[in-house]
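Here is how the chains run, residue by residue.
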Amino acid sequence: MGYVSALPPPRNDADAPGTEEVPPGPENGAGRRSVAVALLFGALGATVVLLASGRIWAEGRAAVGGGSLPLSADGRAVTGLPAALAIVALAALVAVFAVRGRSRRLVSGLLALSGLGAALAAVFAADDHRALDEQAARTTADTAARVVGLTHTAWPYVTAVGGALILLAGLLALRHGRNWPAMGGRYERDGSPRARTPAPVDPDRPEDLWKALDRGEDPTG
């Protein structure tokens, strides 16, 4: 007769239903990699927009007496929208990591829309002449004065490229943002604080009693 043990065989938790170890899937890996890419695109795009919108976008001349006066207008004089949206994008890029769930999707959408708006505003204002016309009117004190010899630079399109980078960062946040970490590691996924387990107190050790009192705990509980 073989030996029969009354003890149950050791249980392997890996064999229990619902406890199988799930290997990291490609979706989680793509989400982790996308964090760095989105940060790079968002920060670089906002920097490009802010720098390029401060460059000369249009140049021309205004007739003054028997001669002409050279005029120029930078991007913020032509349209201040790209620079304003770049600042919004920077704030949204930081806020993406401070929120979770639906709020994260909303902030990610704001990030994407900021990039799209900055790019479109730059493209539509690339051949604008109103800023130089207003400058010509102020310079000549003639409200009917108009700029002549108008030329445009490539900076509006550089600004549009920066806006496109911000847009890509927002699209990455919408696609992979649910797998990204959030600020405040002391909070659980549902946003509630983690419960702190009080340290064990030995009633025979006076130093443990004093430490518990310093922490605001009841050592007699």
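Rules used throughout
Residues numbered from 1 in each chain as written. Predicted model: local features only at pLDDT ≥ 70, side-chain atom pairs only at ≥ 80, totals over all residues. Heavy atoms only, no water. Axes fitted to C-alpha atoms, helices over the stretch in contact; angles between N-to-C directions. Helix = DSSP H or I, 4+ residues; strand = E, 2+ residues; numbered from the N terminus. Parallel < 35°, antiparallel > 145°, perpendicular 65-115°, else oblique. Left-handed = near helix turned anticlockwise from the far one by under 90°. Contact = heavy atoms within 4.5 Å. Nonpolar A, V, L, I, M, F, W, Y, C, P; charged D, E, K, R; others polar. Buried < 20%, exposed > 50% of the residue type's maximum accessible area, 1.4 Å probe, protein only. Pairing = 2+ DSSP bridges. Polar contact = N/O pair within 3.5 Å; in protein donor to acceptor, adjacent residues only side chain to side chain. Core = buried A, V, L, I, M, F, W, Y, C linked by side-chain atoms within 4.5 Å. Salt bridge = Lys/Arg side-chain N within 4 Å of Asp/Glu carboxyl O.

(A) Representation of the packing of helix α3 (residues 81-95) against helix α4 (residues 101-124) within the structure. Interhelical geometry of α3 versus α4 gives an angle of 160 degrees and a closest axis separation of 8 Å. What the angle tells us is that α3 and α4 run roughly antiparallel. For the crossing formed where α3 meets α4, the hand is left-handed. On α4, the residues touching Leu81, Pro82, Leu85, Val88, Ala89, Ala92, Leu93 and Ala95 of α3 are Val107, Leu110, Leu111, Ser114, Gly117, Ala118, Ala121 and Ala122. The class makeup of the residues in the contact of α3 with α4 is 14 nonpolar, two polar and no charged.

(B) Up close: the environment of Trp180. If you trace the backbone, Trp180 turns up in the loop between α6 (155-176) and α7 (206-214). Given the relative accessible area of 3%, Trp180 is considered buried. Spatially, the C-alpha atom of Trp180 lies 6.7 Å from that of Val35, the residues being 145 residues apart in sequence.

(C) Structural view of the side chain of Ser108. You can see Ser108 is positioned in helix α4. For Ser108, a relative accessible area of 0% gives the class buried. Setting aside residues up to four positions removed in sequence, Ser108 forms contacts with Val96, Gly170, Ala173 and Leu174.

(D) How the structure looks around the packing of α4 against α6. Closest axis-to-axis distance for the α4/α6 pair is 7 Å, and the angle between their directions is 165 degrees. Our classification of the angle between α4 and α6 gives roughly antiparallel. For α4 against α6, the interelement crossing comes out left-handed. Where α4 abuts α6, its residues Arg105, Ser108, Gly109, Leu111, Ala112, Gly115, Leu116, Ala118, Ala119, Ala122 and Val123 lie against Pro156, Thr159, Ala160, Gly163, Ala164, Ile166, Leu167, Ala169, Gly170, Leu171, Ala173 and Leu174. Across the contact of α4 with α6, the residue classes break down as 16 nonpolar, six polar and one charged.

(E) Molecular detail of the sheet that holds strand β3 (residues 148-152). Pairing is antiparallel in the open sheet, where three strands are placed in the order β2-β1-β3. Edge positions in the sheet fall to β2 (67-74) and β3, since each of these pairs with one other strand and no more. Going across the sheet, the axis of each strand differs from the next one's by a mean of 15 degrees, ignoring polarity. Pairing between strand β1 (residues 56-64) and β3: three bridges, direction antiparallel. Looking at β3, one finds that Ala58 is bridged to His152. Contacts from helix α5 (residues 130-140) reach β1, β2 and β3 within the one sheet, and its direction differs from that of β2 by about 135 degrees.

(F) View of the side chain of Thr79. For Thr79, the location among the structural elements is in the loop between α2 (75-78) and α3. What makes Thr79 buried here is its relative accessible area of 18%. A polar side-chain atom of Thr79 sits 3.3 Å from the main-chain amide nitrogen of Leu81. Excluding its chain neighbours within four sequence positions, the residues that come into contact with Thr79 are Trp57, Ala121 and Ala125.

(G) Seen up close, α5. What α5 keeps buried is the set Ala131, Leu132, Asp133, Ala136 and Ala137. At its buried positions, α5 is contacted by β1, β2, α2 and β3.

(H) Fine view of the nonpolar core. By size, the foremost hydrophobic cluster in this structure holds 17 residues, and its most contacted members are Ala38, Val96, Phe97, Leu111, Ile166 and Trp180. Listed by contribution, the elements that provide at least two residues to this core are α1 (26-52), α3, α4 and α6. One finds Trp57, Ala58, Ala125 and Ala160 within the second-largest nonpolar core, a separate group that totals 15 residues.

(I) Molecular detail of the pattern of salt bridges. Scanning all chains against the criterion turns up one salt bridge. Among the ionic pairs, Arg130 bridges to Asp128, the shortest N-O distance being 3.0 Å. Overall, the relative accessible area of 15% leaves Asp128 in the buried class.

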